[in-house]
Amino acid sequence: LLAPLAGYTTLPFRLCMREVGGFGLATTELIHARSYLERQPRAKELARTCAEDSPLSVQLFGSVAEELRDAAQMLAESGTLIVDINMGCPVEKVVTRGAGAAMLRDPAQTGKFVRTITQAVKIPVTVKTRLGWKEGQLDAVPLAPILEDAGVAALTIHGRTREGAFGGSVN
């Protein structure tokens, strides 16, 4: 897997990495679902792909389930193979809107949120999250079976908490 990373996993980067090899599935960097629905140029650019860029998963984020549902449906209709929901972004402007790692804080609500998307598309829906909200708090453990029950096809867990952001050691 080529993991999504904001500012890096653009189409040119993915194509270069595919030439090097060593993975199959690649994932776009996170795309705000509302921006994709509104056909914002940046969102369209982040989702851009080509025949050589396969298999590809498109990663969406947002705090409104219906927006992610509608964006996932649009992506599925355009031929996207997999939709990945970002529940791991620790960046303040994402978290304060209730998206990214903020979804770790209410597993039951997050399960309902995800089910809205999985029930709306026939393609696999996956989730990327983090170990937990803060050090010593492994929120991913109780969240995993909830996501499975909600219909998630796969779960990727970043080995840091939201508090750990992008630094320190990985567990």
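These remarks concern the structure in this document. (Residues numbered from 1 in each chain as written. Predicted model: local features only at pLDDT ≥ 70, side-chain atom pairs only at ≥ 80, totals over all residues. Heavy atoms only, no water.)

**So, the layout of surface pockets**
- The computed volume of the largest pocket comes to approximately 310 Å³.
- Looking at the largest pocket, it is lined by 16 residues, and the ones nearest its centre are Leu 30, His 32, Leu 46, Phe 61 and Lys 93.
- Residue assignment for the lining of the largest pocket shows that the elements contributing at least two residues are β2 (31–32), α3 (41–47) and α5 (92–95).
- By residue number, the principal contributor to the lining of the largest pocket is α3, which donates three residues.
- Of the residues that constitute the lining of the largest pocket, the class distribution is eight nonpolar, four polar and four charged.
- Each pocket or cavity is described by its volume, and for the second largest pocket that value is around 250 Å³.
- Lining the second largest pocket are 16 residues; nearest its centre among them are Ala 47, Thr 49, Leu 56, Ser 78 and Thr 80.
- Elements represented by at least two residues in the lining of the second largest pocket include exactly α3 and β3 (56–61).
- Taken together, the residues that form the lining of the second largest pocket break down as eight nonpolar, five polar and three charged. (1 Å grid on protein atoms, 1.4 Å probe; cavity = no way out; pocket = protein on both sides within 12 Å on 5 of 7 lines; lining within 4 Å. Points joined across faces, edges and corners; volume = space filled by probe spheres on them. Helix = DSSP H or I, 4+ residues; strand = E, 2+ residues; numbered from the N terminus. Nonpolar A, V, L, I, M, F, W, Y, C, P; charged D, E, K, R; others polar.)

**Notes on the nonpolar core**
- Ranked by internal contacts, the top residues of the largest apolar core, which has 33 residues, are Ile 31, Leu 60, Ile 85 and Val 114.
- Here this core takes five residues from helix α4 (residues 65–77), the largest share from any one element.
- With sequence-adjacent residues up to four places away left out, Leu 60 is seen in contact with Ile 31, Ala 33, Leu 68, Ala 71, Ala 72, Leu 75, Val 83, Asp 84, Ile 85 and Asn 86.
- Within the second largest apolar cluster, five residues are counted, among which are Leu 30, Phe 61, Val 94 and Ala 99. (Core = buried A, V, L, I, M, F, W, Y, C linked by side-chain atoms within 4.5 Å. Buried < 20%, exposed > 50% of the residue type's maximum accessible area, 1.4 Å probe, protein only. Contact = heavy atoms within 4.5 Å.)

**Quick look at helix α6 (residues 107–118)**
- Compared with the 16 Å implied by 1.5 Å per residue over 12 residues, the 16 Å span of α6 between its first and last C-alpha is a close match.
- Turning to α6, the residues buried within the fold contact α4, β4 (82–87), β5 (125–130) and α7 (140–149). (Expected span 1.5 Å × (residues − 1).)

**Side note on unusual backbone geometry**
- Here the amide bond leading from Ser 54 into Pro 55 is cis, since omega sits at 5 degrees, within 30 degrees of zero.
- In this fold, Pro 55 is placed in the loop between α3 and β3.
- With phi around 60 degrees, Arg 39 is a residue other than glycine that occupies positive phi space.
- For Arg 39, the position within the fold is in the loop between α2 (33–37) and α3.
- By relative accessible area, which is 53% here, Arg 39 ends up exposed.

**Quick notes on the packing of aromatic side chains**
- One pass over the full model with this rule turns up zero aromatic pairs.
- A cation over a ring is seen here: Arg 105 above Trp 133, with NZ or CZ 4.2 Å from the ring centre. (Phe/Tyr/Trp six-rings, centres within 6.5 Å; stacked < 30°, edge-to-face > 60°. Lys NZ or Arg CZ within 6 Å of the ring centre and 35° of its normal.)

**Some thoughts on the packing of α6 against α7**
- Between α6 and α7, whose axes approach to 9 Å, the crossing angle comes to 25 degrees. Considering their axes alone, α6 and α7 lie roughly parallel with respect to each other. In this structure, the crossing between α6 and α7 has a hand that is right-handed. Every residue of α7 that contacts α6 at Pro 107, Ala 108, Thr 110, Gly 111, Val 114 and Arg 115 is listed here: Leu 143, Ile 146, Leu 147 and Asp 149.
- Class assignment for the residues of the contact of α6 with α7 results in six nonpolar, two polar and two charged. (Axes fitted to C-alpha atoms, helices over the stretch in contact; angles between N-to-C directions. Parallel < 35°, antiparallel > 145°, perpendicular 65-115°, else oblique. Left-handed = near helix turned anticlockwise from the far one by under 90°.)

**Topic: a nonpolar patch on the surface**
- On the surface, a cluster of nonpolar side chains totalling about 470 Å² of accessible area is made up of Leu 5, Tyr 8, Phe 13, Val 91 and Phe 166.
- Assignment of secondary structure puts Leu 5 in the segment before α1 (11–20). (Patch = residues over 30% accessible without salt bridge, like charges linked within 9 Å, V, L, I, M, F, W, Y side chains within 5 Å. Areas by Shrake-Rupley, 256 points an atom, 1.4 Å probe, with all protein chains shown as cover. Salt bridge = Lys/Arg side-chain N within 4 Å of Asp/Glu carboxyl O.)

**Thoughts on the packing of α4 against α6**
- The interhelical angle for the contact between α4 and α6, taken along N-to-C directions, is 25 degrees, at an axis separation of 8 Å. With respect to their mutual orientation, α4 and α6 come out roughly parallel. Our pair here, α4 against α6, has a crossing hand that is right-handed. Contact with α4, carried on its side by Ala 65, Leu 68, Arg 69 and Ala 72, involves Phe 113, Thr 116 and Ile 117 of α6 and no other residues of that element.
- Residues that form the contact of α4 with α6 fall into these classes: five nonpolar, one polar and one charged.

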